[in-house]
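Residues per chain, in single letters:
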Amino acid sequence: MRMTYSLLPCLLAIASPCFAAGTADLGRWQERASHISISRDEWGIAHVYGQSDADAVFGALYAQAEDDFPRIERNYLVALGWLAQVEGESAVYQDLRARLFVDVARLQREYRQGPRWLQTLMTAWADGLNFYLYRHPEAHPKRITHFEPWMALAFTEGSIGGDIETISLEKLAAFYSGQTAGDEPNKVKPGGSNGFAIAPRLSASGHALLWINPHTSFYFRSELQMVSGEGLDVYGAATWGQMFIYQGFNEHNGWMHTSNGGDAIDEYSETIIRKADGVYYRYGNRLRKLREQHIEVPYRRDGALHTRSFTAYFSHHGPIIRSRGEKWIAIRLLQEPALALQQSYLRTKTRNFAEFYQTQLLRTDTSNNTVYADSDGTIAYFHGNFIPKRNPQFDFTRPVDGSNPATEWQGKSELKDTIIIVNPKSGWVQNTNSWPFQAAGADSPKRDDYPVYMWSSGENPRDLHAVALLTPIHAVTVDSLIATAYDTRLTAFDALLPRLFAAYDRLPPQDPLRTSLAQPVQMLRAWDRRTAVDSVPTAIAVFWAEDLRKASGAAAVAEDEPVYHSQLDQLGDEVMVAALNSAIARLERDFGSWRTPWGEINRYQRLTGDVVQSFDDSKPSLAVGMGPARWGALAAFDAWEPESTKRIYGTGGNSFAAAVEFGPRVRAKAILVGGESGNPASPHFSDQARRYIRGEFREVWFYPEDVSAHAQRTYRPGE
């Protein structure tokens, strides 16, 4: 993982590209563009047609850059560990974290050694972005003025966050700055994703259906179609800057990814011994020397580049990421970028379950579960993909003893040994970032049949919600599937509210809270536990539950643990009632009355194209009736960023969503939060916002004749 320092002059260049467009580059770009057609439909969605797969990749990246180049660039600044060169010293440790894993020389080597077809696609990927920059000098990249094919290997999987982002920046910074940090869990953002697949016997048409509903930060992905003369014809959501459709479908099958699959990451507690010639760690009956790596992280300050220097340490398990008492903690995670990119791309060209299963055999998908459906009527669920095989005697949910060889990985688990469901008797499969033991209702896998590392999360309120809705489902259509997935019930309150009511009823008659809270409690008793714009009890319940969650302890908040799950029995009557009193006080303080409808509080606002949005209570916004994922909302609308306003403005949750039916002709409806473009001047910046809020999906134009009938503009890249 040694840095190729001969590249540093180019890596540090900001103002001008290191690789200007030469005659050969420009000629290659123009030749490629002549084989490509891009049609934009009435929603600004790009339908890219090329003679080859490489043409489709080139056109897709060109179209993505037209829609939101800043998000593309930032994704690769983050992935490559170059963010501080733009955002300054505050991003130094984020870059250090990335650089513990991302080695430019290794990525370049993997590019050169990769299969020829993948090299061709990566070259087309870089060419599409570079041709965009050539044709749009007004784009003004903040850092990456020229893309190289190997860069595609820095970001290969497409999910929100990633394995590296599970590492606490605070603890990493404390370790490498010589400070101390607590041992609290790393904070994670709320949210989640939902995937459903419906078998033909439960559909009105006799064809399988798929519900695609990732919950991400808003505007995290581009919606587009990629078509080539080499068999590629795929539609869906591509994470900005990637060459493949991450969540989507082709004419034959479709796939939806949810997170929290099998346990794919482990931490090792290393016993450290310092000697005159370096730092050692114990392994078995011997000492091994920690590998040291010098890492320089450039950062921008006052218009100039400066550098922070670090000596990073590595055991054979992986990089040291923090300390815990006298122990140093190393992390091990899978790093096979070339294979991972192949798996992500090849799944988009599969035509049936057997072919899809073959791509799963690569076993490089570390963070995803997969819900699957196809035109043959097969539905399936994969809980995780890459899962290390381990000794089940050890608890790998916590750092294990790195000196004990018995804690080592024993290779990849065979795919057949992981948790897979195919065509269950229930006629449906689902996942909501929960464990797999309710994925097909009564026909789900049994917990005792698998080692505990085959799953990483337990049950959540959305899981209960989904199972309750899917168990009686029948005669499903595209529209009824959307309606099911937008069911407004907040199932967490089925467990929470009875505890509150019991606590309130036990208040002494003379307690003043019995009088002051009487009307809010009465309103909650009558509430149907459904969210709506005009619902006052929704606002009371959500504010109360959030206060209760904070009262349940810092660890629960950091882990985004629903209070109904493990803390509920630990919270006494006094805490239950005090949280409601606090919620009522906040509503009155911030909104003038505790009788404020949810839609007055819960809002959608998009003022700029910035990656991190700013919000303003004095500026226009739209009322939203959807609710937070953690309290059971399937159609989730969450505030992931710290609140700086009185109103709550959504920043994550439902983003791209689609319902797909695999008949003789595939049919789909979809919606994007806001719109396709990140440019506030574009008509497609927020043209889908009202439909998104109402759950009114638009038709997807998949076939060429439909695309042609709805095309607002058709052109070649560069025109």
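Right above here is the structure, for reference.
Keep in mind it's a predicted model, so treat the numbers as computed, not measured.

Criteria and cut-off values
- Residues numbered from 1 in each chain as written.
- Predicted model: local features only at pLDDT ≥ 70, side-chain atom pairs only at ≥ 80, totals over all residues.
- Heavy atoms only, no water.
- Pairing = 2+ DSSP bridges.
- Helix = DSSP H or I, 4+ residues; strand = E, 2+ residues; numbered from the N terminus.
- Axes fitted to C-alpha atoms, helices over the stretch in contact; angles between N-to-C directions.
- Buried < 20%, exposed > 50% of the residue type's maximum accessible area, 1.4 Å probe, protein only.
- Contact = heavy atoms within 4.5 Å.
- Salt bridge = Lys/Arg side-chain N within 4 Å of Asp/Glu carboxyl O.
- Phe/Tyr/Trp six-rings, centres within 6.5 Å; stacked < 30°, edge-to-face > 60°.
- Lys NZ or Arg CZ within 6 Å of the ring centre and 35° of its normal.

Undergrad: What is the right way to read the sheet that holds strand β31 (residues 711–715) from this model?
TA: To summarise the sheet geometry, strands pair through backbone hydrogen bonds and adopt either a parallel or an antiparallel arrangement. Ordered by their spatial adjacency, 10 strands build an open sheet running β21-β19-β18-β9-β8-β7-β6-β2-β1-β31, and the pairing between neighbours is mixed. The sheet is open, and its two borders are formed by β21 (419–422) and β31, each paired with just one other strand. Geometrically, the sheet is characterised by an average inter-axis angle of 15° between neighbouring strands, direction not taken into account.

Undergrad: I keep staring at helix α6 (residues 104–113) and nothing clicks. Help me out?
TA: Note that an α-helix has 3.6 residues per turn; residues three or four places apart therefore point the same way. V104, A105, L107, Q108, E110 and Y111 are the residues of α6 that are buried. Buried residues along α6 sit against α3 (53–80), α7 (116–135) and α9 (337–346).

Undergrad: Can you help me understand the pattern of salt bridges in this one?
TA: Pairs can form between side chains of opposite charge whenever their charged atoms are close. Applying the stated criterion across every chain yields a total of 36 salt bridges. We note a salt bridge from E336 to K412, for which the minimum N-O separation is 3.0 Å. Separated by 76 residues along the polypeptide, E336 in the loop between β17 (327–332) and α9 and K412 in the loop between β20 (400–401) and β21 bring together distant segments of the chain. Two residues, R665 and E705, come together in a salt bridge whose shortest N-O distance is 3.2 Å. Taken together, the positions of R665 in the loop between β28 (656–662) and β29 (666–672) and E705 in helix α21 (residues 704–710) put the pair 40 residues apart, joining distant regions of the chain. On the basis of relative accessibility, which here comes to 45%, the residue R665 falls in the partly exposed class. Taken together, the shared-partner salt bridges connect D25, R28 and D127 into one network.

Undergrad: Hey, could you run me through the pairing of strand β14 (residues 291–301) in this one?
TA: Successive side chains on a regular strand alternate, one facing one side of the sheet and the next facing the other. In this structure, β14 lies alongside strand β15 (residues 304–315), joined through 11 bridges in antiparallel fashion. Each residue of the ladder has a partner; that of I295, found in β15, is F310. In sequence, β14 turns back onto β15 through a hairpin of two residues, with D302 there showing a positive phi of about 55°.

Undergrad: Help me understand the packing of aromatic side chains, please; the structure alone is not making it clear to me.
TA: Ring pairs (aromatic) are described by centroid distance and by the angle formed between their planes. Counted under the stated rule, the structure contains 39 aromatic pairs. Where F69 meets F147, the ring centres are 6.2 Å apart and the plane angle is 90°; that geometry is what we call edge-to-face. On the criterion of sequence distance, the pair formed by F69 in helix α3 and F147 in the loop between α7 and α8 (169–177) is long-range, its members being 78 residues apart. Overall, F69 belongs to the buried group, its relative accessible area being 3%. Among the residues examined, F147 registers a relative accessible area of 1% and is labelled buried. Taking the centre distance of 5.3 Å and the plane angle of 55° together, the rings of Y76 and W125 count as tilted. Placement of Y76 in helix α3 and of W125 in helix α7 is noted, with a sequence separation of 49 residues between them. Among the aromatic residues, those joined into a cluster by ring pairs are W29, F58, Y62, F69, Y76, W125, F131, Y132, Y134, F147 and F155. Positioned above the aromatic ring of F396, the side-chain terminus of R390 is 5.3 Å from the ring centre.

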